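Listed below are the residues making up each chain.
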Amino acid sequence: MGRADERLRPYAADGLRLAAIVVTYYVAAKVGLQQQLVRGQVTPFWPPTGIALVALMFWGPRMWPGIALGAFLVNVTLGPGIVPVLAITAGNTLAPVCAYLLLRRAGFRLALDRLQDALALVFLGALGGMLISATVGTGVLLASGAVSAHDFWPTWSVWWTGDAMGVLIIAPFLLAARTARWPRGVPVLRWAEAVALLGGTAAVTAEATNASLNLLFLVVPFLIWAAFRFQLVGAAPCALIASVIAIYAGAVESGPFSGKDLLAMMIILQAFNGTVALTALLLSAAVTERNHTLEEIEKVCDHLREALSRLALEEKFDGAPGVWPPSHPKGHDHRRQRRP
């Protein structure tokens with residue numbers, strides 16, 4: 001009986017993981033759809049893509065059925081029919097799976113502690129992989145008559161950038177949360193700094209999204225502050241907060257988004273979201289890599305100092321082996337000379 005339980009345990013764990021993916025995907029999709037801009041199902045920010053990609057990173061490609069089921073449950077409530085729903089579901093599933101395979105082939109590390117990993121997530125995970133879901137989904141809507149040919153490219157751009165932003169904002173946040181540990185013995189001022197950073201990011205973004213376009217990027221200094229002081233653990237939450245506030249402002253057409261058509265609003269919104277996500281991701285990865293490099297240099301210097309100290313002690317007590325005094329010819333041991 002015990003052996004049977006041991007054999008079934010991995011399957012039970014995978015079942016729980018699949019169920020968690022379905023529920024998380026569905027809830028995140030419903031939250032994202034609250035800010036829809038096109039036909040009730042195309043949003044500027046699609047969190048399920050980041051959740052799906054990270055689930056594949058954590059538990060492997062066998063988790064794709066959970067992504068497919070979650071995508072199906074979301075799309076079946078939106079229409080426009082069972083065949084288009086199945087096609088859109090296939091695109092929503094293939095996009096994160098292909099992004100995961102590309103990242104694995106590129107040697108992506110979950111710690112995001114190298115600049116090359118951050119760049120791979122941008123170009124392979126977000127911009128490259130999400131071409132599939134946007135192209136399949138928009139093509140299905142066009143074929144079913146849900147969108148017109150005139151609206152194809154605006155719809156495609158919203159879909160693609162929305163899926164890409166889901167990866168660039170959600171994936172780093174989840175990866176940072178996975179490696180984060182509750183710190184012990186942290187000074188009170190450090191906690192105060194973290195709270196001020198998060199609160200300042202939220203306050204400045206909220207104020208800027210209700211003002212003019214010129215003030216929209218005042219949040220960037222907070223992201224730089226977070227990346228240098230807290231790396232990804234601090235920069236990823238700040239990026240998420242800023243993007244969510246900006247997307248809400250775009251949905252209600254306030255501040256710099258008021259009076260704009262869909263294309264103009266998307267350019268402003270995704271330019272802001274892209275700047276926020278890239279600043280947080282790339283800068284924090286570069287800072288982390290720099291810190292690791294400095295640590296390695298310090299370790300090498302410590303080893304060299306220890307080696308030089310040992311060599312100095314050997315020369316002090318035993319002489320310098322292999323080195324002949326300049327006053328005696330090579331091969332002549334002056335210590336064995338006898339006095340006349």
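Residues numbered from 1 in each chain as written. Predicted model: local features only at pLDDT ≥ 70, side-chain atom pairs only at ≥ 80, totals over all residues. Heavy atoms only, no water.

Caption draft 1: Molecular detail of the pattern of salt bridges. What the rule picks out here adds up to eight salt bridges. Salt-bridge contacts for glutamate 193 lead to arginine 229; the nearest nitrogen and oxygen are separated by 2.7 Å. One end of the pair, glutamate 193, is in helix 8 (residues 188-208); the other, arginine 229, is in helix 9 (residues 220-252), with 36 residues separating them in the sequence. One salt bridge in this structure joins glutamate 296 and lysine 299, with 3.9 Å as the shortest N-O distance. With a gap of three residues between them, glutamate 296 and lysine 299 both fall in helix 10 (residues 262-318), about one helical turn apart. Judged by relative accessible area, glutamate 296 falls into the partly exposed class, the value being 46%. Taken together, the shared-partner salt bridges connect Asp14, Arg17 and Arg62 into one network. (Salt bridge = Lys/Arg side-chain N within 4 Å of Asp/Glu carboxyl O. Helix = DSSP H or I, 4+ residues; strand = E, 2+ residues; numbered from the N terminus. Buried < 20%, exposed > 50% of the residue type's maximum accessible area, 1.4 Å probe, protein only.)

Caption draft 2: A look at helix 5 (residues 115-128). Of all the bends in helix 5, the largest measures some 30° and sits at leucine 121. For helix 5, every residue scored as buried is listed here: Asp117, Ala118, Ala120, Leu121, Val122, Gly125 and Ala126. (Bend = angle between axes of the 7 residues up to and from the residue.)

Caption draft 3: Expanded view of the nonpolar core. Of all hydrophobic cores here, the largest spans 68 residues; its most connected members are Leu53, Met57, Phe108 and Leu121. Taken together, the elements giving at least two residues each to this core come down to helix 1 (2-33), helix 2 (47-59), helix 3 (64-76), helix 4 (82-105), helix 5, helix 7 (152-179), helix 9 and helix 10. Among the elements that take part in this core, helix 9 stands out by supplying 15 residues, more than any other. Setting aside chain neighbours within four positions, we find leucine 121 in contact with Leu53, Met57, Leu103, Phe108, Leu112, Ala126, Val167, Leu168, Pro172 and Leu281. Counting residues in hydrophobic clusters, the runner-up holds eight residues, among them Ile88, Val147, Phe152 and Trp156. (Core = buried A, V, L, I, M, F, W, Y, C linked by side-chain atoms within 4.5 Å. Contact = heavy atoms within 4.5 Å.)

Caption draft 4: Highlighting the packing of helix 3 against helix 4. One can describe the packing of helix 3 onto helix 4 by two numbers: an axis separation of 9 Å at closest approach and a directional angle of 140°. Taken as axis vectors, helix 3 and helix 4 run oblique relative to one another. When the axes of helix 3 and helix 4 are compared, the crossing they make is right-handed. The segment helix 3 lies against helix 4, with Trp64, Ile67, Ala68, Ala71, Phe72, Asn75 and Val76 engaging Ile82, Val85, Leu86, Ile88, Thr89, Asn92, Thr93, Pro96 and Val97. Split by residue class, the contact of helix 3 with helix 4 holds twelve nonpolar, four polar and no charged. (Axes fitted to C-alpha atoms, helices over the stretch in contact; angles between N-to-C directions. Parallel < 35°, antiparallel > 145°, perpendicular 65-115°, else oblique. Left-handed = near helix turned anticlockwise from the far one by under 90°. Nonpolar A, V, L, I, M, F, W, Y, C, P; charged D, E, K, R; others polar.)

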